[in-house]
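Residues per chain, in single letters:
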Amino acid sequence: MEDQFNYEKKKRKKDELRPIHGILLFIVVMVSFYTIIAWAQMKWGMYGLALTELYLLALALGGAKLLKVPFKEVFPVKRPQWQKVFAVLLCWIASYSVVIPLTMSVAYFFPREMFSVSGSLNDFMASVPVAVSVFISCVMPAVCEEAVHRGFILKSFQSRIKGKWILVVLMGLLFGIFHGSLWRFLPTAFLGAALTYLMVETENMIYPALFHFINNFFPTLMSGMIGLIGGGVDNQAVTQSLMENGLPLSFLGVYIGMACVAPFCFYTAAYLLRRGVPGKTQKYFTSNTMLVLLIILTVIPMVLGGFLLFYGVIEMLMRGSGDPVFYQNGYLIWQALGMFIR
């Protein structure tokens, strides 16, 4: 009887995912990116990206199958709850409001590098019909990339690492590295952390997949709307102007001010995720200290953004109107950097 118990215990241990499995899969993915994946995307463009996503899904599913770990444990999918769907939306709004000023701050100091990369990414996405682009760049990553990161890799780390925030930070760093660009590292790492938080809190891949889809679809939607507003504006001329003149300080101030919505959105999303879960506090405000902290975190970006906006406008007036192509169509900055938050 004891021998049978020891056998079953060893068998379970052998079949469970361990951190080394996740690390090995990540190494395979990154090596593939600089070999067959880079070649496929250079040869077939967006359709090469589609093959990339299918390849990632095959690696995640194949890895679980090879290690004999049940799919339902590695890729848990449950019926979504509307309350948590709303929490996902709030979490994305909060993440977006942080990622945009973060991206713009990098663009302010490194305009040529940021806008040259973003221009290439926009051209890459525009090489196929819109419906095809949405499916390949929004739907497929929400399924395939999440299967790798919030599925196989995260589950392998969870077998040994129990700290929630350690997992969130670690998976965020890996997601930033995964995107293979120094200039995209910070925004994608932050998004990877938010996606991991959703997965750790819910143990349901529906929620990070939904977040991933919304996050990738929004720049496409914005691009289409801006295209209608902009009319015959030459996007390449605007991008070139941004590369040469940089991002105005006044614009940076506006984007930093956007981060004021993040604290309460994040906090409310966390509340909705824990609401109804046994053993977790059901109160919205756990203490007066938390309320004060949220207010402070809300006010800081508003004050900093307002100061930069005011200073930037004064600076612009003192040196003249600048490049008319840029200032008349400043709303195209969102389009120029939209791909960085995918």
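About the thresholds
Residues numbered from 1 in each chain as written. Predicted model: local features only at pLDDT ≥ 70, side-chain atom pairs only at ≥ 80, totals over all residues. Heavy atoms only, no water. Patch = residues over 30% accessible without salt bridge, like charges linked within 9 Å, V, L, I, M, F, W, Y side chains within 5 Å. Areas by Shrake-Rupley, 256 points an atom, 1.4 Å probe, with all protein chains shown as cover. Salt bridge = Lys/Arg side-chain N within 4 Å of Asp/Glu carboxyl O. Helix = DSSP H or I, 4+ residues; strand = E, 2+ residues; numbered from the N terminus. Axes fitted to C-alpha atoms, helices over the stretch in contact; angles between N-to-C directions. Parallel < 35°, antiparallel > 145°, perpendicular 65-115°, else oblique. Left-handed = near helix turned anticlockwise from the far one by under 90°. Contact = heavy atoms within 4.5 Å. Nonpolar A, V, L, I, M, F, W, Y, C, P; charged D, E, K, R; others polar. Expected span 1.5 Å × (residues − 1). Bend = angle between axes of the 7 residues up to and from the residue. Buried < 20%, exposed > 50% of the residue type's maximum accessible area, 1.4 Å probe, protein only. Core = buried A, V, L, I, M, F, W, Y, C linked by side-chain atoms within 4.5 Å. Phe/Tyr/Trp six-rings, centres within 6.5 Å; stacked < 30°, edge-to-face > 60°. Lys NZ or Arg CZ within 6 Å of the ring centre and 35° of its normal.

The protein chain goes by CPBP family intramembrane metalloprotease in an unreviewed UniProt entry, where it is assigned to Candidatus Blautia stercoripullorum.

Before going further, it helps to examine a nonpolar patch on the surface. A contiguous nonpolar patch, built from Val254, Leu309, Phe310, Val313, Ile314, Leu317 and Met318 and spanning about 690 Å² of accessible area, is present on the exposed surface. Among the elements that line the nonpolar patch, the one with the most residues is helix α14 (residues 288-319), at 6 residues. For Leu309, the location among the structural elements is in helix α14.

On to the packing of helix α2 (residues 19-44) against helix α8 (residues 164-178), then. Relative orientation of the contacting elements α2 and α8 amounts to 20°, with a least axis distance of 11 Å. Compared by their axis directions, α2 and α8 come out roughly parallel. In this structure, α2 crosses over α8, and the sense of that crossing is left-handed. Only Leu174, Ile177 and Phe178 of α8 make contact with α2, whose side of the interface consists of Phe26, Val29, Met30 and Phe33. Across the contact of α2 with α8, the residue classes tally to 7 nonpolar, no polar and no charged.

Taking 1.5 Å per residue as the helical rise, helix α9 (residues 185-202) with its 18 residues ought to reach 26 Å, and the 26 Å between its terminal C-alpha atoms agrees with that figure. Just downstream of α9, Glu203 is the residue with a positive phi angle, here 50°.

Along α2, the helix axis deviates most sharply at Phe33, where the bend reaches about 55°. Residues of α2 that are buried include every one of Pro19, His21, Gly22, Leu25, Phe26, Val29, Met30, Ser32, Phe33, Ile37 and Ala40, and no others. Against the buried residues of α2 lie α3 (46-66), α7 (130-158) and α8. Backbone geometry just downstream of α2 places Gly45 in the positive-phi region, at approximately 60°.

With that settled, consider the nonpolar core. Within the largest apolar cluster, 61 residues are counted, with the highest numbers of intra-cluster contacts made by Leu25, Val29, Val74, Phe75, Ile153, Phe178 and Phe211. The element best represented in this core is helix α5 (residues 82-109), accounting for 11 residues. Leave out the neighbours within four places in its chain, and Ile153 touches Gly22, Leu25, Phe26, Val148, Met171 and Leu174.

The final tally for this structure, using the stated rule, is 17 aromatic pairs. Ring centres of Trp165 and Tyr197 lie 5.5 Å apart, and the angle between their planes is 10°; on these two criteria the pair is classed as stacked. With Trp165 in helix α8 and Tyr197 in helix α9, this residue pair connects regions lying 32 residues apart in the sequence. Its relative accessible area of 53% is what places Trp165 among the exposed residues. Taken together, the ring pairs connect Tyr267, Tyr271, Tyr284 and Phe285 into an aromatic cluster. Between Arg274 and the ring centre of Tyr267, over which it is positioned, the NZ or CZ distance is 6.0 Å.

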